[in-house]
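This is what each chain is made of:
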Amino acid sequence: MTTENTATEALLTIENIQKLYGEGGRAAELVALRDVSFTVPEGQFCAIVGPSGCGKSTLLNIIAGIDFPSSGLASLSGSRILGPDPRLGVMFQQYHLFPWMTVRGNIEFGPRSRGLPRAKVGDLSKRQIARVGLSGFEERYPHELSGGMQQRCALARMLANDPVVLLMDEPLAAVDAQTRSILQEELLEIWGESRPASERKTVLFVTHAIDEAVFLADRILVMGRRPGRIIADIPCTLKRPRREARRTRDFVELTESIWDLLHDQAADATRQ
């Protein structure tokens, strides 16, 4: 059992999260996160940006239930997150594919582990493979795939479990710039930016790249340098679909305004 009831109406709620490392009262104690609070409604694509070392990944790990706060809480649909939860899909910068399994095997692993019937698992993996553009590569192993293809496989594996929330930690950082731009567009297509908002998954997306956050998100949370905290909560109202958004004045101005917020924070972080 990974949850306990708490009162909240938001799909994802973060309340006064604090994360300390080291023993209390000692000079070596490190405050990684301090009083982080926000909510994410259903169907929203929310990005988190901030300087290196500000606690973005630590925060995501706490929400995923694979790390624990020193105080405060994270909750999903009114239930406190106390550990990994199948409703929370997690995708990291490193692909973490099983090297001994094919594309099909990686994607089918989760549904098989949940005991879905073989025929249903097969249909599910076929749909997800087509969804991420890997048809024809079903029997390839990870080492036979490009970085972009491995990341597509990791995305399909996460989506095959039909999570309620997608938690994504720098998932596109390991590929080259051209592939990254293409994968950003594909991610939005898979997420459903052309469909009604009610049909979209809720996403919490961590990135160092401000332009990536602006291109993808409905809303951008800006974190300050350690101890990590939210210093700005910025809506992104660029029209969807976003394929041409990078060429617009609004895109450039929003990207520059966020960089203005982060410049001094990032400079200070490099000196910490």
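Each chain has its residues counted from 1, following the order in which its sequence is written. The predicted nature of this model means local features are confined to residues of pLDDT at least 70 and side-chain atom pairs, given and counted, to a pLDDT of 80 or more, with totals for whole chains, interfaces and linings taken over all residues. Hydrogens and waters are ignored; side-chain quantities use all the structure's heavy atoms.

So, on to the overall build of the protein chain. Of regular secondary structure, the protein chain possesses seven helices and eleven strands. For the radius of gyration, the atom set is restricted to C-alpha positions; the globular benchmark scales as 2.2 Å times the number of residues to the power 0.38. Computed over its C-alpha atoms, the radius of gyration of the protein chain comes to 19 Å, within 12% of the 19 Å expected for a compact globule of 272 residues. Along the first, second and third principal axes, the C-alpha set of the protein chain runs to 55 × 50 × 35 Å. Summary of the burial criterion: residues with accessible area below 20% of their type's maximum are buried, those above 50% are exposed, and those between are partly exposed, where the area comes from a 1.4 Å probe applied to protein chains only. Across the 272 residues of the protein chain, 49% fall into the buried class. We call two residues in contact when some of their heavy atoms are within 4.5 Å. Here the analysis covers contacts within the protein chain between residues at least 6 apart in sequence; of these, 71% occur between residues at least 24 apart. What sets the accessible areas is the Shrake-Rupley method with a 1.4 Å probe; for residues, cover comes only from the shown protein chains. Carbon and sulfur atoms form 50% of the exposed surface of the protein chain, whose accessible area is close to 13,200 Å². Lys and Arg are tallied as positive, Asp and Glu as negative. Neither His nor the chain termini are counted. To locate a charge, take NZ of a lysine, CZ of an arginine, CG of an aspartate or CD of a glutamate. A distance of 3 Å separates the average location of the 33 positive side-chain charges in the protein chain from that of its 34 negative side-chain charges. Where helices and strands are cited, they refer to DSSP runs of H or I of at least four residues and of E of at least two residues respectively, numbered from the N terminus.

Before going further, it helps to spend a moment on the sheet that holds strand 10 (residues 219–223). When DSSP finds two or more bridges between two strands, those strands count as paired. Within the open sheet, the six strands sit side by side as 7-8-9-4-10-11. Their pairing is mixed. Only two strands of the sheet have a single neighbouring strand rather than two, namely strand 7 (88–91) and strand 11 (230–235). On average, each strand axis in the sheet is inclined to that of its neighbour by 15°, with strand direction left out of account. Each of strand 4 (45–49), strand 8 (165–169) and strand 9 (202–206) is contacted by helix 5 (residues 177–191), which is oriented at about 145° to strand 4, the strand it contacts most. Lines fitted to C-alpha atoms define the axes, with helix axes restricted to the stretch in contact, and inter-axis angles between N-to-C directions lie between 0 and 180 degrees.

As a further point, take the confidence of the model for the protein chain. On average, residues of the protein chain carry a pLDDT of 90, and 92% of them reach 70 or more. Per-residue confidence from the predictor is given as pLDDT, running between 0 and 100. With pLDDT under 50 throughout, residues 1–8 is counted as low confidence; its partners more than four residues away or in other chains account for 25 contacts.

Between the rings of Phe, Tyr and Trp (Trp by its six-membered ring), a pair exists once the centres lie within 6.5 Å; its type follows the angle of the planes, with under 30 degrees stacked, over 60 edge-to-face, and the other angles tilted. Enumeration over the complete set of coordinates arrives at four aromatic pairs. Ring centres of F45 and W191 lie 5.3 Å apart, and the angle between their planes is 85°; on these two criteria the pair is classed as edge-to-face. Of the two residues, F45 sits in strand 4 while W191 sits in helix 5, which places them 146 residues apart along the sequence. For W191, a relative accessible area of 4% translates into the label buried. Members of the aromatic cluster, each reached through a chain of ring pairs, are F45, W191 and F205. Any Lys NZ or Arg CZ found within 6 Å of a ring centre and within 35 degrees of that ring's normal is scored as a charge over the ring. Sitting above the plane of the F98 ring, R157 keeps its charged end 5.4 Å from the centroid.

We now examine unusual backbone geometry. The residue after R226, namely P227, is reached through a cis peptide bond having omega 0°. Summarising the element assignment, P227 is placed in the loop between strand 10 and strand 11. The peptide bond linking R240 to P241 adopts the cis configuration, its omega dihedral lying at 0°. Here P241 lies in the loop between strand 11 and helix 7 (249–271). Positive phi is not limited to glycine here, since D35 has a value of about 50°. Not every positive phi belongs to a glycine, and D162 is a case in point at roughly 50°.

As a further point, take the packing of helix 3 (residues 118–131) against helix 4 (residues 147–160). Two numbers describe how helix 3 lies on helix 4: the axes approach to 9 Å, and their chain directions differ by 140°. With respect to helix 4, the axis of helix 3 lies oblique. Taken as a pair, helix 3 and helix 4 cross one another with a handedness that is right-handed. Residue-level contacts link L124, Q128 and R131 of helix 3 to A156, L159 and A160 of helix 4. By the definition adopted for this analysis, an angle is roughly parallel if under 35 degrees, roughly antiparallel if over 145, roughly perpendicular if from 65 to 115, and oblique otherwise. Should the near helix be turned counterclockwise from the far one by less than a right angle, the crossing is left-handed, whereas a clockwise turn marks it as right-handed.

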